[in-house]
Amino acid sequence: MIRCIEVRDLLLDYLEEEVSALGRRRVEAHLAECPSCAQELASLRVTRGLLESLPVPEPPGESWDAFSEGVRRRIAAVPPPRPSLGLRMVEWLRGMEFLRPVPALGAAAALGVILAVGLARMPQPLERPSADPIAVGDTLGIGMNLEVLRDLDLLEDIDVLDSLPTLTPGGEGQVVRLGRAESTRYT
Amino acid sequence: MSVADHDLIRRVLAGEVEAFDLLVGRYQAPIFRLTYRMTRNAEDAKDLAQEAFVQAYRGLGSFRQEARFSTWLYRIAMNLCLNHQKAAAREVSGEPDERLRDERKDSLAVLEAAERDQALEAAIAALPPQQRATLTLRVQQGLSHREIAETLGCAEGTAKANYFHAIRTLQRKLQSFRQV
Ligand SMILES: [Zn+2]
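Parameters at a glance
- All chains use their own residue numbering, which begins from 1 and follows the written sequence.
- Chain letters and ligand numbers both follow the written order, the letters beginning at A and the numbers at 1.
- pLDDT decides what is reported in this predicted model: residues at 70 or higher carry local features, side-chain atom pairs at 80 or more are listed and counted, and totals for whole chains, interfaces and linings draw on all residues regardless.
- Heavy atoms throughout the structure, all of them, feed into the side-chain values; hydrogens and water do not.
- Secondary structure elements are defined from DSSP: runs of H or I of at least 4 residues count as helices, runs of E of at least 2 residues count as strands, and each element is numbered from the N terminus.
- Whether a residue is buried, partly exposed or exposed follows from its accessible area with a 1.4 Å probe, protein chains only, as a fraction of its type maximum: under 20%, in between, or over 50%, in that order.
- Residues are treated as being in contact if the distance between any of their heavy atoms lies within 4.5 Å.
- To be clear on the numbers: accessible area is Shrake-Rupley with a 1.4 Å probe, and residue cover counts the displayed protein chains and nothing else.
- When two components associate, each loses some accessible surface as probed by a 1.4 Å sphere; the sum of these losses over both components is called the buried area.
- We define a salt bridge as a side-chain nitrogen of Lys or Arg found within 4 Å of a carboxyl oxygen belonging to Asp or Glu.
- Distance and chemistry together define a polar contact, namely a pair of N or O atoms within 3.5 Å, with one atom able to donate a hydrogen and the other to accept it when in protein, and with adjacent residues in sequence counting only for side-chain atoms on both sides.
- In this classification, the charged set is Asp, Glu, Lys and Arg, the nonpolar set is Ala, Val, Leu, Ile, Met, Phe, Trp, Tyr, Cys and Pro, and all remaining amino acids, among them Gly, are polar.
- Here, nonpolar core refers to any group of buried Ala, Val, Leu, Ile, Met, Phe, Trp, Tyr and Cys residues whose side-chain atoms link them within 4.5 Å.
- Fitted lines through C-alpha atoms give the axes, limited to the stretch in contact for helices. The angle between two N-to-C directions lies from 0 to 180 degrees.
- Just so you know how the angles are binned, under 35 degrees is roughly parallel, over 145 roughly antiparallel, 65 to 115 roughly perpendicular, and the rest oblique.
- Distances decide who is a donor: an N, O or S atom must be within 2.8 Å of the metal, or within 3.2 Å for Na, K and Ca. Water is not included, so sites may look incomplete.
- For a four-donor site, all angles between 85 and 135 degrees give tetrahedral; for four or six donors, opposite pairs above 155 degrees with the remaining angles between 65 and 115 give square planar or octahedral; all remaining cases count as irregular.
- Classification of ring pairs uses Phe, Tyr and Trp, with its six-membered ring standing for Trp, and accepts pairs whose centres are within 6.5 Å; under 30 degrees between planes counts as stacked, over 60 as edge-to-face, and the remaining range as tilted.
- Two thresholds decide whether a charge sits over a ring: the Lys NZ or Arg CZ must be within 6 Å of the ring centre and within 35 degrees of the ring normal.

Caption draft 1: Expanded view of the overall build of chain B. Assigned secondary structure in chain B consists of nine helices and zero strands. Listing the helices and strands of chain B from first to last along the sequence gives α-α-α-α-α-α-α-α-α. A buried classification covers 54% of the 180 residues belonging to chain B. Taking contacts inside chain B between residues at least 6 apart in sequence as the whole, the part at least 24 apart equals 63%. For chain B, the computed accessible surface area is about 7,400 Å², with 48% contributed by carbon and sulfur atoms.

Caption draft 2: Region of the structure containing the interface of chain B and chain A. Listed per partner, the contact involves 58 residues of chain B and 58 residues of chain A. Taken together, the two surfaces of chain B and chain A that pack against each other cover about 5,400 Å², and 62% of this comes from carbon and sulfur. Considering only the side of chain B, the residues that lose the most area to chain A are Tyr57(B), Arg58(B) and Arg64(B), jointly responsible for 13% of the buried surface there. At the boundary of chain B with chain A, the tally comes to seven salt bridges. Across the pair Arg74(A) and Glu51(B) runs a salt bridge, and its minimum N-O distance is 3.0 Å. The interface formed by chain B and chain A includes 16 residue pairs in polar contact (both at pLDDT 80 or more). Among the elements of the structure, α1 (5-13), α2 (19-39), α3 (42-59), α4 (69-88), α6 (113-125), α7 (129-140) and α9 (156-175) of chain B are those that each provide at least two residues to the side of chain B that touches chain A. Here the element with the most residues in the side of chain B that touches chain A is α3(B); it accounts for twelve residues. Residues belonging to the side of chain B that touches chain A are distributed by class as follows: 29 nonpolar, eleven polar and 18 charged.

Caption draft 3: Looking closely at the nonpolar core. Core analysis: the largest hydrophobic core is formed by 42 residues, its most contacted members being Phe20(B), Ile31(B), Phe53(B), Leu60(B), Phe69(B), Met78(B) and Leu137(B). When residues of this core are traced back to their parent elements, those giving at least two are α4 (64-75) of chain A together with α1, α2, α3, α4, α7 and α8 (145-152) of chain B. Broken down by element, the residue count for this core peaks at ten residues, all from α4(B). Setting aside its immediate chain neighbours within four residues, Phe69(B) contacts Asp5(B), His6(B), Ile9(B), Leu23(B), Tyr27(B), Leu60(B) and Phe63(B). If you look at the next biggest cluster of nonpolar residues, it comprises 28 residues, including Cys37(A), Leu51(A), Leu54(A) and Ala166(B).

Caption draft 4: A look at the packing of α7(B) against α9(B). All names here are of chain B. Packing of α7 against α9 brings their axes to within 8 Å, and their N-to-C directions diverge by 90°. One finds that α7 runs roughly perpendicular with respect to α9. Across the interface between the two elements, Gln130, Gln131, Thr134, Leu135, Arg138 and Val139 from α7 touch Ala159, Asn162, Tyr163, His165, Ala166, Ile167, Thr169 and Leu170 from α9. Each residue belonging to the contact of α7 with α9 can be placed in one class, and the counts come to seven nonpolar, six polar and one charged.

Caption draft 5: Representation of the coordination of the zinc ion in the model. Residues and elements named next belong to chain A. Coordination of the zinc ion by the protein is provided by Cys4 (SG), His30 (NE2), Cys34 (SG) and Cys37 (SG), with metal-donor distances spanning 2.0 to 2.3 Å. Taken together, the four donor atoms surrounding the zinc ion define angles of 102 to 116° at the centre, an arrangement classified as tetrahedral. On the primary sequence, the residues serving as donors to the zinc ion are separated as C-x25-H-x3-C-x2-C. Within this pair, whereas Cys4 is found in helix α1 (residues 4-15), its partner Cys37 is found in helix α3 (residues 35-52), the two being separated by 33 residues in sequence. Its relative accessible area of 35% is what places Cys4 among the partly exposed residues.

Caption draft 6: Structural detail: the pattern of salt bridges. This structure, assessed with the given rule, holds 19 salt bridges over all chains. The partner of Glu16(A) in a salt bridge is Arg138(B), and the shortest N-O contact between them spans 2.4 Å. A residue pair is termed interchain when its members come from two chains, as with Glu16(A) in the loop between α1 and α2 (21-31) and Arg138(B) in helix α7. Like Glu16(A), the residue Arg138(B) is buried in the burial classification. The closest approach of N and O atoms between Asp5(B) and Arg26(B), which form a salt bridge, is 2.5 Å. One end of the pair, Asp5(B), is in helix α1; the other, Arg26(B), is in helix α2, and 21 residues separate them in sequence. Overall, Asp5(B) belongs to the buried group, its relative accessible area being 13%.

Caption draft 7: Local environment of the packing of aromatic side chains. Inspection of every chain in the model, using the stated rule, returns ten aromatic pairs over all chains. Taken together, a centroid distance of 5.0 Å and an interplanar angle of 65° make the contact between Phe20(B) and Tyr57(B) edge-to-face. Taken as a pair, Phe20(B) in helix α2 and Tyr57(B) in helix α3 lie far apart in primary sequence, 37 residues in all. In textbook terms, an aromatic cluster arises when at least three aromatic residues are bridged by ring pairs, as seen for Trp64(A), Phe67(A), Phe32(B), Tyr36(B) and Phe53(B). It is Arg138(B) that lies over the ring of Tyr163(B); its NZ or CZ is 5.5 Å from the centre.

And the structure:
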């Protein structure tokens with residue numbers, strides 16, 4: 001029979017129904033004969049149940065309508081978001097499925113687009129506050145790398161999450177920290 | 001859920017910014033639950049939850065359509081919470097443990113549900129931030145270990161281990177003063 005120490009490691013997974021069918025049978029066989037492990041399972045179940053039922057208040061002094069109204073007010077100062085260059089390029093390439101069997105051609109086309117769009121945008125960064133100069137630079141850098149372009153799917157792996165702005169204590173509209181570099185945003 | 005998140009995002013990016021309202025309506029409650037669980041302060045939680053939507057809106061143009069919007073949004077909110085805690089530098093000290101000790105003296109049977117919840121809240125607040133974040137995403141938001149890993153930017157094994165540690169710690173703390 002499976003030992004207590006092994007069962008203990010499985011109990012939480014068992015409780016959350018994340019063990020295999022075989023694992024479940026082994027745990028159940030053990031529980032049927034081991035009051036101590038059965039007690040441990042009961043304890044875990046109570047703990048988890050208490051956690052799940054912890055109350056959360058509503059946002060203070062207002063309804064959810066007021067909450068979303070607050071969000072609306074705050075984003076009113078933010079320029080409307082536009083698809084990033086990388087995203088538009090991926091969408092565009094998707095529409096050109098026939099290029100897929102010819103990676104070199106696809107890569108060349110992609111590079112052309114990157115350069116064309118990149119150059120077209122460069123002279124006017126201030127007029128388009130939503131355009132992220134760093135994102136453009138990054139995409140250009142990646143675009144130059146034909147190794148990357150050979151596998152178009154890799155384009156989708158540009159890790160946008162890392163370049164997400166994070167809040168600084170100063171509040172919004174000031175200097176935000178980007179994943180890779182410091183930069184001032186126009187808001 | 002009639003319209004997919006991704007369709008709404010596409011509409012926002014196409015200039016129909018009002019479509020973002022629908023995303024806010026869809027996720028405001030779960031995001032507030034998350035920020036409240038992380039801060040234990042309704043006012044801060046509201047502010048952070050609203051800011052999460054603002055940042056999501058701001059960065060919507062670079063959101064990967066392959067990703068899940070909810071995971072991305074949770075990640076933004078969680079980062080805000082963790083930064084907020086660092087900035088506020090009022091990491092929970094020994095105070096919650098004090099409260100637990102006091103309650104331990106009481107007769108277990110008479111613990112009101114509210115008191116018990118309070119003790120549990122305090123025990124959660126005393127967890128290291130990563131464990132607290134993992135626990136919240138798992139229990140309150142119902143994310144898979146994999147989604148938690150994506151949200152917090154860690155390995156799936158780490159997310160799972162953090163969750164196990166958190167549950168065990170809470171279980172131990174509760175055990176010492178009531179029949180859990
Ligand atoms: Zn046993």
